[in-house]
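Chain by chain, the residues:
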Amino acid sequence: MKIKIVPNFFFVIIAVILGGALYKQFDFQNLNFEKPALAIVYIIVFIICIGLMIKKSNNKQNSK
């Protein structure tokens, strides 16, 4: 059984916004974030967003 990510418009928009915000906050010279607490929240929400896209695709495959 393949795990397939279904691109839901709402989740894709959230992932793009959070990914861009994390990229802007990351300091590549020092390899750390400008605001670490906010970066942790962004990473948690980003992972949940990706997880919901995977979970939603698994539910659709199981119901067929």
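Residues numbered from 1 in each chain as written. Predicted model: local features only at pLDDT ≥ 70, side-chain atom pairs only at ≥ 80, totals over all residues. Heavy atoms only, no water.

(A) Layout of the overall build of the protein. Looking only at helices and strands, one finds 2 helices and 2 strands in the protein. Along its sequence from the N terminus, the protein presents helices and strands in the succession α-β-β-α. With 64 residues in all, the protein has 14% of them scored as buried. Across the protein, contacts joining residues at least 24 apart in sequence account for 62% of those joining residues at least 6 apart. Accessible area of the protein: about 5200 Å², with a carbon and sulfur share of 69%. (Helix = DSSP H or I, 4+ residues; strand = E, 2+ residues; numbered from the N terminus. Buried < 20%, exposed > 50% of the residue type's maximum accessible area, 1.4 Å probe, protein only. Contact = heavy atoms within 4.5 Å. Areas by Shrake-Rupley, 256 points an atom, 1.4 Å probe, with all protein chains shown as cover.)

(B) Structural context of unusual backbone geometry. One non-glycine residue, Leu 31, adopts positive backbone phi at about 55°. Looking at where Leu 31 falls in the secondary structure, it is placed in the loop between β1 (26-27) and β2 (32-33).

(C) Summary view of helix α1 (residues 9-25). End to end, α1 covers 24 Å across 17 residues, agreeing with the expected 24 Å (1.5 Å per residue, within 8%). Regarding α1, the residues found buried are Phe 11, Ala 15, Leu 18, Leu 22 and Gln 25. All buried residues of α1 lie within an arc of 105° about the axis, which places them on one face of the element. In α1, those exposed residues whose orientation departs by more than 90 degrees from the buried face are Phe 9, Val 16, Ile 17, Tyr 23 and Lys 24. (Expected span 1.5 Å × (residues − 1). Arc of directions from axis to C-beta.)

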